[in-house]
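Inside the fold
Below, each chain spelled out in residue letters.
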Amino acid sequence: MSRTLLYLSVLSGLFLFIGYLIGGESGMVGAFVFAALFNVGSYWFSDKLVLAMYQAKPLTQQEAPNIYSMVQELCVRDGLPMPRIYLIPETSPNAFATGRNEQHAVLGLTAGILDLMDRDELRGVIAHELSHIKNKDMLTSTIAATLAAAISMLGRLAFYFGGDERRGQLISFLIFFIALPIVAMLIQMAISREREYKADESGARLLGSGLPLAKGLRKLQSAVKAHPLEGTAMQQATAHLFIVNPFSAGFLSKIFSTHPPLQDRITRLEKGPVV
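All values reported here derive from a predicted model rather than from experimental measurement.

Summing up its helical and strand segments, the chain has 11 helices and four strands in all. Sequence separation of at least 24 residues holds for 70% of the intrachain contacts in the chain that already meet a minimum separation of 6. Of the roughly 12,700 Å² that the chain leaves accessible, carbon and sulfur atoms contribute 61%.

Below, the structure is given as structure tokens:
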């Protein structure tokens with residue numbers, strides 16, 4: 001929780017600074033009100049904001065009984081409550097977990113990953129995401145994502161409301177090339193790449209083998225490269241939520257990258273003993 005408070009405080013400070021750049025003292029007052037509302041909303045509704053970004057829809061048990069039985073089996077085995085399951089209407093294969101705690105967890109699966117994976121590979125991916133829930137990675141990760149997305153949104157607003165066109169362009173430049181990299185650095189400090197290794201290991205332990213997830217990651221390695229998401233700047237700020245980075249290697253995707261090399265993860269899963 002201390003980390004969460006730290007990043008909400010950083011968000012507030014950045015909002016005030018950007019509000020001052022855009023509109024002086026009155027802009028700073030408006031930014032303060034926005035920051036206060038956003039701080040409350042980030043804790044309670046950050047998962048909903050992320051789901052809305054990707055137009056995710058609830059996946060019902062009637063629509064996907066096999067997915068539900070798979071998730072239920074793994075949750076029982078791992079002592080977790082059943083998360084809500086959402087379908088992301090994207091052909092690019094990927095998955096993430098979000099929510100503020102185990103009781104309010106969400107598992108997001110793209111349409112592409114359901115088409116790509118066989119049953120064992122999908123179980124490996126789901127076990128990895130459930131491990132993020134078990135390891136309590138989600139709240140800081142989701143708030144960090146909404147923090148970065150909000151700063152990106154302010155950059156867009158600055159372009160249109162920063163006074164004359166030249167001033168708006170200058171403020172947007174400062175936000176995108178100074179504020180956003182600072183936020184990205186803070187996210188990388190908050191969300192160690194080790195959390196992905198840890199979730200890989202926990203998921204492999206849950207299944208009794210790392211091979212299903214290794215096979216799934218190998219498929220994702222080529223499929224995501226061939227069909228990356230074409231996300232907005234706000235969406236690219238959420239890249240760390242996914243099991244693999246869903247975006248092509250552009251500027252924002254690079255600075256927000258918190259994933260370890262995919263081949264390293266595959267090698268660990270293929271070689272590492274499961275105890």
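Let's shift gears to the sheet that holds strand E1 (residues 57-58). The strands making up a sheet associate through backbone hydrogen bonding, with each pair oriented either parallel or antiparallel. Taken in spatial order, the four strands line up as E1-E2-E4-E3 in an open sheet, and their pairing is mixed. The open sheet has two free edges, formed respectively by E1 and strand E3 (95-98), since each of these has just one partner strand. Summarising the sheet, E1 and strand E2 (residues 84-88) pair through two bridges and their orientation is antiparallel. By the bridge assignment, Pro58 is partnered in E2 with Tyr86. On top of the sheet, helix H4 (residues 119-134) reaches E3 and strand E4 (106-110); it is set at about 20° to E3, its chief contact.

Moving on: helix H11 (residues 262-271). Within H11 the residues assigned to the buried category are Leu262, Arg265, Ile266 and Leu269. Projected onto a plane normal to the axis of H11, the buried residues spread over an arc of 100° and lie on a single side. Buried residues belonging to H11 abut H4, helix H7 (194-207) and helix H8 (211-226).

Turning next to the packing of H4 against H8. The contact between H4 and H8 brings their axes to 7 Å, and the two run at 95°. Of the possible angle classes, the one that applies to H4 and H8 is roughly perpendicular. Between H4 and H8, the contacting residues are Asp120, Glu121, Gly124, Val125 and His128 on the first element and Pro212, Leu213, Lys215, Gly216 and Lys219 on the second.

Under the criterion given, the structure shown has three aromatic pairs. For the ring pair Phe96 and Phe242, a centre distance of 5.0 Å and an interplane angle of 85° mean the geometry is edge-to-face. Of this pair, Phe96 sits in strand E3 while Phe242 sits in the loop between helix H9 (233-236) and helix H10 (251-255); the two residues are 146 residues apart in sequence, bridging distant segments of the chain. The class of Phe96 is buried, set by a relative accessible area of 0%. Site record: aromatic cluster; members linked through ring pairs are Tyr54, Phe96 and Phe242. Over the ring of Tyr197 we find Arg268; its NZ or CZ atom is 3.6 Å from the centre of that ring.

How each quantity is defined
- Residues numbered from 1 in each chain as written.
- Predicted model: local features only at pLDDT ≥ 70, side-chain atom pairs only at ≥ 80, totals over all residues.
- Heavy atoms only, no water.
- Helix = DSSP H or I, 4+ residues; strand = E, 2+ residues; numbered from the N terminus.
- Contact = heavy atoms within 4.5 Å.
- Areas by Shrake-Rupley, 256 points an atom, 1.4 Å probe, with all protein chains shown as cover.
- Pairing = 2+ DSSP bridges.
- Axes fitted to C-alpha atoms, helices over the stretch in contact; angles between N-to-C directions.
- Buried < 20%, exposed > 50% of the residue type's maximum accessible area, 1.4 Å probe, protein only.
- Arc of directions from axis to C-beta.
- Parallel < 35°, antiparallel > 145°, perpendicular 65-115°, else oblique.
- Phe/Tyr/Trp six-rings, centres within 6.5 Å; stacked < 30°, edge-to-face > 60°.
- Lys NZ or Arg CZ within 6 Å of the ring centre and 35° of its normal.

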